[in-house]
Amino acid sequence: MPQSPAGIGNVSQNKALTEMAMGYSRSRILCAAARLGVADALGNDERSITEIAQACGANPSSMYRLLRALASFGVVSEISPEHFVLTPFGKPLRKDAPNSEWSAIVFWADLLADNWAHMTECIRTGDTAFRIMEREGVASRWSKDPNANAIFRAVMGTAPAEDYMSIVRAWDFSRYRTAADLGGGGGALIAAALEAFPQLHGMLVDRQDSIDEAKSRFESPGLAGRCVLMAADLSKSVPPGADVYMMKHVLHGCADAPAIEILRNVRTVLPPEGRLLVIEFVLPDFVDHADAELEYRLMSDLNMLAVTGGKERSTAEWKKLLRGAGFDCQRIIPAPGELVSIIEAAPDVAA
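All residue numbers refer to positions counted from 1 along the written sequence of the respective chain. Under the rules for a predicted model, residues below a pLDDT of 70 receive no local features and side-chain atom pairs below 80 are neither given nor counted, while totals for whole chains, interfaces and linings still include all residues. Side-chain measures were taken over the full set of non-hydrogen atoms in the model, leaving aside hydrogen atoms and water.

Draft legend 1. Representation of the nonpolar core within the structure. The criterion is simple. A nonpolar core is a set of buried Ala, Val, Leu, Ile, Met, Phe, Trp, Tyr and Cys residues joined through side-chain atoms within 4.5 Å. Any residue under 20% of the maximum accessible area for its type is buried, any over 50% is exposed, and the rest in between are partly exposed; the area is computed with a 1.4 Å probe on protein chains only. Of all hydrophobic cores here, the largest spans 33 residues; its most connected members are I167, W171, F173, I190, F218, V244 and M246. Of all the secondary structure elements, the ones that give two or more residues to this core are α12 (165-168), α13 (188-196), α14 (208-214), β7 (244-248) and β8 (275-280). Here a strand is any run of E in DSSP of at least two residues, a helix any run of H or I of at least four, and the numbering for each starts at the N terminus. In terms of residue count, α13 provides more of this core than any other element does, seven residues in total. Aside from chain neighbours lying at most four places away, what touches V244 is W171, F173, Y176, T178, A179, A180, R275 and L277. Of all hydrophobic cores here, the second largest spans 31 residues; its members include V238, L270, W318 and A325. Throughout, a residue-residue contact means that at least one pair of heavy atoms, one from each residue, lies within 4.5 Å.

Next comes the structure, spelled out in structure tokens:
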């Protein structure tokens, strides 16, 4: 790896491992900018430090230091001394931007980063960060933020349907009538399937607040009247009526026992010729080299450990989980250009 810049403080070399240890710096800077509303204060105009600090309710001297750091990696630009503008790269930090990343930045860099602060104890005990904080009498950032659930919903499933096309086109829906997306959030996945396969009808199943947020998507031309939206708790029951059931990044949030419970509920309503599509990361059996894409999936595994108590799984683990719920794994299909795979399962007639 290339040499890092000269050391900071007692760090004389700042080599690769130390640079990894300092990787939180950008995250915290972006989080501060998002929480303070820096991008919204800048808008489309040049602003002075005094104006920005006043709009954000911040100390002017400290705000200047934050803005210089943001300028160093291209989020803002200092066009004259102590006067800044938002760059095109930084525009998604605005809450009102069409492609706003505000919710995602707060979600990952604040609400979930709070859990990662307890990673050592999570690994030592096997508990989630929530349980650890509960034992220690510490209130989580999630519990203190009244908008936490709304931020979560804004991050999950709200992408354009086009972002999911490579997944739905990797599996042939043409022989099926109705596909149900379980835990589908804002409905991007099932919307993509409906757009790619005109004969298909859909069901979007999630908690009521997510269903309410998704309604407007299915009022658009081409989707209106083709998808039923319904609220359900998948751990208790799964609505019947589909011949394909999909779950994307649902089961990785569960330990084995609750995951099997959800799968059994699907098994109960799935027709004999129907199919279950589990869309998740599939881990290798062992890790024998550094790999950036694999690192992403393994970071997700540790995120599940700290946040939900769930896990990412290998091929063998997915097959075992499905067998435990009465399914037979038919094949595992990598989605082109994606980190996820489609794990296709059918009812095990012998179970």
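Draft legend 2. Spatial organisation of the sheet that holds strand β1 (residues 47-48). Here a strand pair is declared whenever DSSP counts at least two bridges between the two strands. In spatial order, the strands read β1-β3-β2; together these three strands make up an open sheet with antiparallel pairing. Each end of this open sheet is capped by a strand with a single partner; those strands are β1 and β2 (76-80). Convention adopted: a line fitted to C-alpha atoms gives each axis, helices being fitted over their contacting stretch, and angles between N-to-C directions are expressed from 0 to 180 degrees. Sheet contacts for helix α5 (residues 60-72): β2 and β3 (83-86); angle to β2, the most-contacted strand, approximately 110°.

Draft legend 3. Summary view of helix α16 (residues 292-307). For α16, spanning 16 residues, the distance from its first C-alpha to its last is 22 Å, which sits close to the expected 22 Å at 1.5 Å a residue. Among all positions of α16, only L294, R297, S300, N303, M304 and A306 are buried. Here the buried face of α16 lies against α6 (102-111), α7 (113-116), α8 (119-125), α9 (129-136) and β9 (282-283). Pairs of N or O atoms are called polar contacts if they sit within 3.5 Å, as long as, within protein, a hydrogen donor faces a hydrogen acceptor (for residues adjacent in sequence, only side-chain-to-side-chain pairs). Between a side-chain oxygen at the N-terminus of α16 and the backbone nitrogen of E293 the separation is 2.9 Å; the capping residue is D291. A helix's residues, less one, multiplied by 1.5 Å, set its expected span.

Draft legend 4. Local environment of the sheet that holds strand β6 (residues 227-231). Spatial ordering of the open sheet is given by β6-β5-β4-β7-β8-β12-β11, a layout of seven strands whose pairing is mixed. Both edges of this open sheet fall to β6 and β11 (327-334), since each of them pairs with a single strand only. Averaged over all adjacent pairs, the angle separating strand axes in this sheet is 20°, with direction ignored. Taken together, the five bridges between β7 and β8 define a ladder with parallel strand orientation. Residue pairing for β8: Y245 is matched across the bridge by L276. Against the sheet, α13 contacts β4 (178-182), β5 (201-206), β6, β7 and β8, and its axis sits at roughly 180° relative to β5.

Draft legend 5. The arrangement of a negative patch on the surface in detail. Only residues whose relative accessible area exceeds 30% and that form no salt bridge enter a patch; like-charged residues are grouped when within 9 Å of one another, and nonpolar side chains (Val, Leu, Ile, Met, Phe, Trp, Tyr) when within 5 Å. The protein chains shown are the only cover counted for residues, whose accessible areas, like all others here, come from Shrake-Rupley with a 1.4 Å probe. Between Lys or Arg on one side and Asp or Glu on the other, a salt bridge is scored when a side-chain nitrogen of the former is within 4 Å of a carboxyl oxygen of the latter. Positive charge is attributed to Lys and Arg, negative charge to Asp and Glu, and no charge count is given to His or to the chain ends. Each charge is placed at NZ for Lys, CZ for Arg, CG for Asp and CD for Glu. Together, E162, D163, E195 and E338 make up a region of like negative charge exposed at the surface. Note that E195 resides in helix α13.

Draft legend 6. Region of the structure containing the side chain of T128. Relative to the elements of secondary structure, T128 occurs in the loop between α8 and α9. The class of T128 is buried, set by a relative accessible area of 6%. Excluding its chain neighbours within four sequence positions, the residues that come into contact with T128 are C122, L305, A306, V307, T308 and G309.

Draft legend 7. View of the environment of M247. By secondary structure assignment, the location of M247 is in strand β7. For M247, a relative accessible area of 0% gives the class buried. Considering only alpha carbons, one finds M247 and G184, 63 residues apart in sequence, at a separation of 7.2 Å. Discounting residues that sit within four places of it in the chain, M247 has contacts with L182, I262, L263, V266, L276, L277, V278 and I279.

Draft legend 8. Here's a closer look at the pairing of β3. Burial of the side chains of β3 is restricted to one face: F84 and L86 are buried, whereas none of H83 and V85 on the reverse face is. Across four bridges, the pairing between β2 and β3 is antiparallel. Paired with E78 across the strands is F84, a residue of β3. As consecutive antiparallel partners, β2 and β3 are separated by two residues, and within that stretch E82 has a phi angle of approximately 65°, a positive value.

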